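Structural overview for review
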Amino acid sequence: MQKQIYLHFAEAKYLRRSQRLRISRVQKQIFIAFCRGGVSKTKSKIVKFPFHLSGKSDDSTVRPKNPPGTGPAVCPLLTKRSEEPPVSGNSSSILFPKILPANRLGECALRSLKAYGVDTTRVVRQGDRLGSYVFEVGASQRGNGCVYDRKYSAINMAKRDVFNWDEILKGIDVFYFSGVTPAVSDEMAAACKDALTACRAKGITTVCDVNYRGKMWSPEKSQATMKELLPLVDICIANDEDAPAGLGMTCVSGSLAHGIEERDTYVEMARQICAEYGCKKVASVVRNISCVERSIWMGMLFDAESGEHWFSPAHDVHVLEGVAAGDAFNAGLVHALINDFDPQDAVNYAIAASILKLTIKGDSNLVTAGEIAAVASAADGGTRVAR
């Protein structure tokens, strides 16, 4: 049976371009993904915690001038302002602090990041293994599958003090990380808190995608950890099962089949997150998934100060591959917010980036800011032929 298997070397949260190795004899395609997008702002830098190269970085994509991608959720990102969306590979807009082994796999990962213009000058080189995960593409009613292989990886074995946050955060405007990073180890959870504390002292905006992964940690461990981290987070992104499993909230069912019908519960979830943890904004992807290839997606953004919320239009999507679309949403959202989009335009832009990723294979969302904007504003969903 023909299969597609994705091998993500993630100890970072936004993995970008993937390098492909084809084994025709067994009719498999193996993608080794080393980086998953960053977030950018005009002349500003965003730091994405380098924790996704040890397992799938489950998180974002949008490609600016250089085709940066998105992907894993393990690594944090640092960002400077830029005119292109997060996934843009502009060294002036994205800085990727992470841990990579000092061997040829680590070198390959660095080359992949640099190809998108990502600043890798603050990457730590130590350890022996590059964490990975294997992703098997499903079909129809057979869901996608994923196996993580992060144990004993460089990021899994690292200590919290390997990161010098005073140096890493110089010139940074936004710090982004995914819940996959603290799930990697207790040391990485502590490193996340160290980074957030440093950001708070420096006035750096912090963004967290809860991104609960049941194969990485238990609901109890996730909830206890997030109670420590979220009070230091400005913008929280929580989807589907993130609220019930990752945060212990009961106002959202976590249904993937009827999310849009239950969208008002996401607004209540956002209110509760802001009230309990002090977050300024909460965003969510709300969706109805009928099978692997077909789903309806919309976005939600809530502002704590005004108490207002905004929903994007719903997009009925034929899914080519359901990988990193959440990462793409996050990247689009951060790009929109740091570039002062109004709230409605911001959530429209974020969901447009997300649904475009659903039409692209691999971790990287190889689209431009203009293409995303066209889908966000087009009545026909951007289906006209570009001539």
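Note that the coordinates shown come from a computational prediction; the quantities given were computed from them, not determined experimentally.

Within this structure, the stated rule accounts for five aromatic pairs. With 6.0 Å between their ring centres and 40° between their planes, Phe175 and Phe177 make a pair best called tilted. Here Phe175 falls in the buried class, since its relative accessible area comes to 0%. Aromatic side chains Phe341 and Tyr349 sit 5.3 Å apart centroid to centroid with 80° between the ring planes, which places their arrangement in the edge-to-face category. Note on Phe341: relative accessible area 30%, which makes it partly exposed. On the accessibility criterion, Tyr349 (3% relative accessible area) is buried. Grouping aromatic residues by their ring pairs yields a cluster made of Phe163, Trp165, Phe175 and Phe177. Positioned over the ring face of Trp297 is Arg287, at 4.9 Å from the centre of the ring.

As a further point, take the environment of Arg150. You can see Arg150 is positioned in the loop between β10 (145-149) and α2 (154-157). Distance from Arg150 to Tyr133, taken between C-alpha atoms, is 7.6 Å for residues 17 residues apart in sequence.

A separate point is the side chain of Ser222. Mapping Ser222 onto the fold places it in helix α6 (residues 219-229). Judged by its relative accessible area of 0%, Ser222 falls in the buried class. Among the polar contacts made by the side chain of Ser222, one reaches the main-chain carbonyl oxygen of Gly246 at a distance of 3.1 Å. When near neighbours in sequence (up to four residues on either side) are disregarded, Ser222 contacts Tyr212, Trp217 and Gly246.

Right, let's get into the confidence of the model for the chain. Across the chain, the average pLDDT comes to 79, with 74% of residues at 70 or higher. The model gives residues 1-44 a pLDDT under 50, and that stretch makes 292 contacts with residues more than four places away or in other chains. Taken as a whole, residues 50-74 scores under 50 in pLDDT and shows 269 contacts with residues more than four places along the chain or in a different chain.

With that settled, consider unusual backbone geometry. Even without being a glycine, Tyr152 presents a positive backbone phi close to 65°. Assessed through its relative accessible area of 51%, Tyr152 is described here as exposed. Phi at Asp340 takes a positive value of approximately 60°, unusual for a residue other than glycine. Inspection of the secondary structure assignment puts Asp340 in the loop between α9 (325-338) and α10 (343-357).

Its 17 residues place the ends of helix α5 (residues 186-202) 25 Å apart at the C-alpha level, agreeing with the 24 Å of an ideal helix rising 1.5 Å per residue. Along α5, the residues that are buried comprise Met188, Ala189, Ala190, Ala191, Cys192, Ala195, Leu196, Ala198 and Cys199. Against α2, α3 (165-168), β11 (174-178), α4 (180-184), β12 (205-209) and α6 lie the buried residues of α5.

This brings us to the pattern of salt bridges. Taken as a whole and assessed by the stated rule, the structure comprises 14 salt bridges. Note that Asp240 is salt-bridged to Arg287, the shortest N-O span being 2.4 Å. Of the two residues, Asp240 sits in the loop between β13 (235-237) and α7 (242-246) while Arg287 sits in strand β14 (residues 281-291), which places them 47 residues apart along the sequence. Across the pair, Arg287 and Asp240 agree in class, each one buried. What you see here is one network of salt bridges that share partners, running through Arg200, Asp234 and Lys280.

It is worth spelling out the packing of α5 against α6 at this point. How two helices sit against one another is set out by the angle between their axes and by the gap between those axes. The interhelical angle for the contact between α5 and α6, taken along N-to-C directions, is 20°, at an axis separation of 10 Å. Overall, the two elements α5 and α6 adopt an arrangement that is roughly parallel. For α5 against α6, the interelement crossing comes out right-handed. Across the interface between the two elements, Asp186, Ala189, Cys192, Lys193 and Leu196 from α5 touch Lys221, Thr225, Glu228 and Leu229 from α6.

What counts, and where the lines are drawn
- Residues numbered from 1 in each chain as written.
- Predicted model: local features only at pLDDT ≥ 70, side-chain atom pairs only at ≥ 80, totals over all residues.
- Heavy atoms only, no water.
- Phe/Tyr/Trp six-rings, centres within 6.5 Å; stacked < 30°, edge-to-face > 60°.
- Buried < 20%, exposed > 50% of the residue type's maximum accessible area, 1.4 Å probe, protein only.
- Lys NZ or Arg CZ within 6 Å of the ring centre and 35° of its normal.
- Helix = DSSP H or I, 4+ residues; strand = E, 2+ residues; numbered from the N terminus.
- Polar contact = N/O pair within 3.5 Å; in protein donor to acceptor, adjacent residues only side chain to side chain.
- Contact = heavy atoms within 4.5 Å.
- pLDDT = per-residue confidence, 0-100.
- Expected span 1.5 Å × (residues − 1).
- Salt bridge = Lys/Arg side-chain N within 4 Å of Asp/Glu carboxyl O.
- Axes fitted to C-alpha atoms, helices over the stretch in contact; angles between N-to-C directions.
- Parallel < 35°, antiparallel > 145°, perpendicular 65-115°, else oblique.
- Left-handed = near helix turned anticlockwise from the far one by under 90°.

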